[in-house]
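Notes for the structure review
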Amino acid sequence: MSTIKVFYEFFQGSPDTFSCTIGERPNVIRRPEKRYLVNRPVYSEDSFAEDYKKIDRKHRTTLDHVKAQFTCDTQRVKKTVCSLLPIIGWLRIYNIKKWLLGDIVSGISTGLVAVLQGLAYCLLASLPPRYGLFTAFFPVIIYFFLGTSRHISVGAFPVLSLMVGAAVTRLVPDDGPPVNITGFEGLTQDQQRVMVAASATFLMGIFQLAMGLLQVGFIVTYLSDTLISGYTTAAAVHILVSQLKFVFGLTVPGLSGPLSLIYTLEKVFVQIDKTNIASLVISIIVMVVVFIVKELNERFKAKLPVPIPIEVIMTIIICGISYAFQFDQKYQVEIVGDIPPGYEPPMAPNMEVFQQTVGDAFPMAIVGFAVAFSVAKVYAIKHEYHIDGNQELIALGLSNIFGASFKCFAASTALSRTAVQESTGGKTQIAGLLSAIIVMIVTLSIGFLLEPLPKAVLGAVVIVNLKGMLMQVRDVPYLWRKDPPDCMVWILTFVGCLLLGMDFGVAVGLGAELLSVVFRTQFPRCSVLASISGTDIYRDRKDYLNIFEPEGVKVFRIPSPIYFANIDFFRNKLNEYLGFNPLRVLRKRNKALQKIRKLLSKGELQIKGESEDEGNLEDLDQPIDFKDLPIQINWNRELPANIIVPKVDVHSLILDFAAVSFIDISALKGLKTTLKELIRIEVEVYIVACDMYILEKLHSCKFFDSEIKSSMFFLTLHDAMLSVLEKDPVDLEHQQRSEKVSPQSLSYEQSNGVWSVQSGESAVPQPETKF
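Read on for an overview of the structure. Position numbers for residues count from 1 along each chain, tracking the sequence in the order it is written. Given that the model is predicted, a residue must reach a pLDDT of at least 70 before its local features are reported, and side-chain atom pairs must reach 80 or more before they are shown or counted; all residues, however, enter totals for whole chains, interfaces and linings. As a rule here, side-chain values cover all heavy atoms of the structure and leave hydrogens and water aside.

1. A closer look at the overall build of the protein chain
We count it as follows: Numbering of helices and strands runs from the N terminus; a helix is a DSSP stretch of H or I covering at least four residues, while a strand is a stretch of E covering at least two. Exposed residues in this analysis have more than 50% of their type's maximum accessible area, buried residues have under 20%, and partly exposed residues fall in between, with area computed by a 1.4 Å probe over protein chains only. The contact rule is simple, with two residues in contact once any of their heavy atoms fall within 4.5 Å.
Per the secondary structure count, the protein chain includes 28 helices and 19 strands. Within the protein chain, the fraction of its 771 residues that count as buried is 48%. Taking the intrachain contacts of the protein chain between residues at least 6 apart in sequence as the baseline, contacts between residues at least 24 apart amount to 78%.

2. Observations regarding unusual backbone geometry
Backbone geometry places leucine 259, a non-glycine residue, at a positive phi of 65°. Residue position: leucine 259 is located in the loop between α10 (225-248) and α11 (260-270).

3. Describing the packing of helix α15 (residues 351-383) against helix α17 (residues 415-423)
Stated formally: Between N-to-C directions, angles span 0 to 180 degrees; the directions come from axes that are lines fitted to C-alpha atoms, helices contributing only their stretch in contact. An angle below 35 degrees is read as roughly parallel, one above 145 as roughly antiparallel, one from 65 to 115 as roughly perpendicular, and any other as oblique. Helix crossings fall into two classes, left-handed where the near helix is turned counterclockwise from the far one by less than a right angle and right-handed where it is turned clockwise. Under this grouping Gly is polar, as are all residues other than the nonpolar Ala, Val, Leu, Ile, Met, Phe, Trp, Tyr, Cys and Pro and the charged Asp, Glu, Lys and Arg.
Relative orientation of the contacting elements α15 and α17 amounts to 25°, with a least axis distance of 11 Å. In terms of orientation, α15 and α17 fall into the roughly parallel class. As α15 packs across α17, the resulting crossing turns out to be right-handed. Together, Val371, Val375, Tyr379, Lys382 and His383 of α15 and Leu415, Thr418, Ala419 and Glu422 of α17 make up the contact between the two elements. Its residues placed into classes, the contact of α15 with α17 shows five nonpolar, two polar and two charged.

4. Thoughts on the pairing of strand β7 (residues 527-532)
Using the following cut-off: What makes two strands pair is DSSP finding at least two bridges between them.
The buried count for β7 comes to six of six residues, which makes it a mostly enclosed element. Across three bridges, the pairing between β7 and strand β10 (residues 553-557) is antiparallel. Within β10, the position partnered with serine 527 by the bridge is arginine 557. Bridging between β7 and strand β8 (residues 538-540) involves three bridges; their strand directions are antiparallel. In the sheet register, alanine 530 faces β8, and the bridge partner there is arginine 539. Two successive antiparallel strands, β7 and β8, enclose a turn made up of five residues, where glycine 534 displays a positive phi of approximately 85°.

So this is what it looks like as structure tokens:
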């Protein structure tokens, strides 16, 4: 039996050493290096199973998993409570001396930013500004107890606000009557819009809670970073366009649906001559100052104890100037207006609105969770703690359900606000709770001070905060150079969101992403491998010069699962690399035999010493049968009677299954057909590095039969190659197969129209055959 020898050495310096493997002369090695040789038998899967018995493990059934889920004990109850109330976990390790001061500073800073962003993002949701303050308060309270992230700041998020605004303006448009909903009777336009926003948010929370209880937090894995990048960049463009009416001081109705971006731009530029100069000047000043200070904050963040809250400072300054000079009366600048103190009583969601907004609420639930989880994961890794995706879904779902009951709109997390909370020293959600208290103080006591604030300031603040999302467009050239399919996902998501809207756009992005995955597995990069000379390492033969490739042996690598969508591609690629179609060769050979049998049946072929037996004609796709012929034909030599059959210069094929993670039933049938076609034309097939679970599946599906045997499966590629070389020795000097004349190795000669069959020197004498 062939063996692979193994030893382990470390060579130091000067002594020359050498090694030699099949297919190469001894190599002199003059550099220090670690080397190993393996000394063991050549193993097929069958021989390995005989020498090493597997442990008979009992696999858990579905019923076992169900029983485990409903098993209750003290430890399980404790674990469940701690999982549902993560606050218990971090409160037990809370370090008051080290963390409390940072949380207080962070809470105050984040609270001020939350007030301003709440007012600003309310404009995106097409709601009165005061409801942004509600959204910055109620969801934070619930997340404080249920959230697993210690750093994200829960509240309004511009993309979600925009999606809420699309649903609001569709059901309650600026121009024209609202959709016919019973609950709208007797309500003002603002109240109708609040009902739509709160009901859509309530439904969004139900979706998130249901997904969390069903433990489907893994769904976020289907939203790749590329998709989220393209989606949020397109959302930033939508947000930018939606704020132009405040920057220019124009009256532009809110639009939603496909091509709403283009229609909004059209309405803005049609009215550009009606621009309110005061609003434009205020916006430009705010944007320039805020942008410069933010850049300084970023550049000198290591030296600054806390970032300069420039948005808050500019808001206070412009608000005071607006009040002093009465911008709303003298210059017709649109201001925030009335902000009544206190909170409104809770309200129940409207079921008719549920029916109208179910298509909006589900994408909102996915996007809100994806963004919050992505941001939370970044800070969890940075600060070395664990977050639970399913618990995050539960926390966000209940936060939105509770908030919607108090007329809040959709909440997630804003990247800039979370960055403020973390960078100013926040360690836990105590900072988030303190920020909610700051918002509550503003809502209850000093909200009236923000009434003269021009909406142009809020629009400018929103636009400046879009910088991070808009700059993601720089990813496109990098993606195109490194991964074109990923780049196409980004582009299609971006274009889909721009033209079709945020709800349909995310569907386009998901479709593009799934298609990219399908194409990568449906059309994988198959390759022919060869051994790096002197090693048992196999690489793509196109990439290396010093390789060993025995004549007549092909090593074919499949780098993906084999399933119904790519089995035909796999078979075509295999035929391409082999240089012939095994089914076509098989049929040609069987046709040649039929022709010989036909000559025999007509008496045109006479064989001395043999009786004529016509026999049954076999199907062309069946194995070649020589039972009624006195000779066995060498198909690679010239045949008599002008019979032409494609030559096959491959005698062994090794299929590398190391990267094949699964095979479905449809692919099993195609694989079995391919293997039989190869075996029937005398090509020996070896399958290597096959996963044990795939092997078990092959046995359970009765894959093996009289032609396809389990002995063709080998542990490693090199095991299979050594087995091949044992059967078909190779001249190491010239890498040529040794000529072996079998008893059936025959040559044909024609003289005066008569064909005769001549055997080789070592052949067993055969009777002369004449045609």
